[in-house]
Amino acid sequence: VMQLIPGETYSITGHSFNFSQRLYIDGELIGEVGDPQETREDTLPESRTYEYTFVAQEESTEFIFHAASFYHQEGGNNASIRIGTPEAVSRWRSIEAFQTLTLVGALLTVFIYCLAMFVLFHRRYFFLYLSLSALMTGMRLLLTGEKHMMELFPQMTWVAAIRLEYLCNGLF
């Protein structure tokens, strides 16, 4: 429960619970990520960043998250939830995306440079290892946090994303 100004428009954003959730604000379903259910067989896992806009009806606003985390040993919310004006929340998401994508761009540059060095100097395998490490780290950054990979490829299933994340973990 939060104290908000009635009639004001707010946005809420965060990373979905690991790995499906529904958000209710003042008893009204605002949105869902995946399909949380009572059993593992009925639950459809999905994990991505969400942003919803709502108007506070009363001073006291109630937020209820229904989450189902049958598919991961570290289920639950492991990131902060941000609430503010739509402009502030959008600005925060833009800054976080800029930071992440700048790091990914730098890692992609290292990948290309080290791969080119390996092509030029065939026997220096450390260039190959460093290039693959940079590539895997960049991919992992896109798969975690704001989950930009899920925005780039919305048809990617949760299973494919988590396997790719684990593959990136194992290779660097």
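Novice: Break down helix α1 (residues 86-120) for me, with residues and values.
Specialist: Owing to its 3.6 residues per turn, the α-helix brings residues three or four apart onto one side. In a regular helix each residue adds 1.5 Å, so 35 residues correspond to 51 Å; α1 covers 50 Å between its end C-alpha atoms and thus fits that length. Restricting attention to buried positions, one finds in α1 the residues V89, R93, E96, A97, T100, V104, F111, C114, M117 and F118. Looking at the buried side of α1, the elements it contacts are β2 (9-15), β5 (49-55), β8 (82-84), α2 (125-143) and α3 (148-152).

Novice: Any chance you could break down the pattern of salt bridges for me, citing the residues and the numbers?
Specialist: Using the criterion set out here, one finds five salt bridges in the structure. Residue R22 is joined to E32 by a salt bridge in which the shortest nitrogen-to-oxygen separation is 2.9 Å. With R22 in strand β3 (residues 21-25) and E32 in strand β4 (residues 28-33), the pair connects residues that are 10 residues apart, well separated along the chain. With a closest N to O distance of 3.7 Å, E165 and R140 form a salt bridge. Note that E165 is positioned in helix α4 (residues 158-171) and R140 in helix α2, a separation of 25 residues in sequence. Connected through shared salt-bridge partners, R22, E32 and D35 make up one network.

Novice: Go over the sheet that holds β5 with me, naming the residues and quoting the values.
Specialist: One open sheet holds the three strands; their spatial order is β5-β2-β8, and the pairing between them is antiparallel. Each having just a single partner strand, β5 and β8 make up the two edges of the open sheet. Within this sheet the neighbouring strands show an average axis-to-axis angle of 15°, counted without direction. Note that β2 and β8 share three bridges and pair antiparallel. Paired with I12 across the strands is I83, a residue of β8. Most of the contacts of α1 go to β2, to which it runs at about 25°, and overall it touches β2, β5 and β8.

Novice: Tell me about the sheet that holds β3, residues and numbers included.
Specialist: Reading across from one edge, β4-β3-β7 is the order of the three strands in this open sheet, with antiparallel pairing throughout. Of all strands in the sheet, those bounded by a partner on one side alone are β4 and β7 (63-67). On average, adjacent strands in this sheet sit at an angle of 20° to one another, irrespective of strand direction. Pairing analysis gives five bridges linking β3 to β7, with the strands arranged antiparallel. Across the sheet, Q21 pairs through a bridge with A67, a residue of β7.

Novice: Got a sec to walk through unusual backbone geometry? Specific residues and values, please.
Specialist: The backbone of D26 shows a phi angle near 50°, a positive value even though the residue is not glycine. Note that D26 resides in the loop between β3 and β4.

Novice: Tell me what's going on with the nonpolar core, and back it up with residues and numbers.
Specialist: Grouped together as the largest cluster of nonpolar side chains are 11 residues: L4, Y10, I12, L23, I25, V33, Y50, Y52, F54, A56 and F63. Those elements that place two or more of their residues in this core are β2, β3 and β5. No other element matches the three residues that β5 contributes to this core. For L4, the residues in contact, after removing those within four places along its chain, are Y10, F54, A56, E58, E59, T61 and F63. One finds M149, M150, M156 and A161 within the second-largest nonpolar core, a separate group that totals nine residues.

What counts as what
Residues numbered from 1 in each chain as written. Predicted model: local features only at pLDDT ≥ 70, side-chain atom pairs only at ≥ 80, totals over all residues. Heavy atoms only, no water. Helix = DSSP H or I, 4+ residues; strand = E, 2+ residues; numbered from the N terminus. Expected span 1.5 Å × (residues − 1). Buried < 20%, exposed > 50% of the residue type's maximum accessible area, 1.4 Å probe, protein only. Contact = heavy atoms within 4.5 Å. Salt bridge = Lys/Arg side-chain N within 4 Å of Asp/Glu carboxyl O. Pairing = 2+ DSSP bridges. Axes fitted to C-alpha atoms, helices over the stretch in contact; angles between N-to-C directions. Core = buried A, V, L, I, M, F, W, Y, C linked by side-chain atoms within 4.5 Å.

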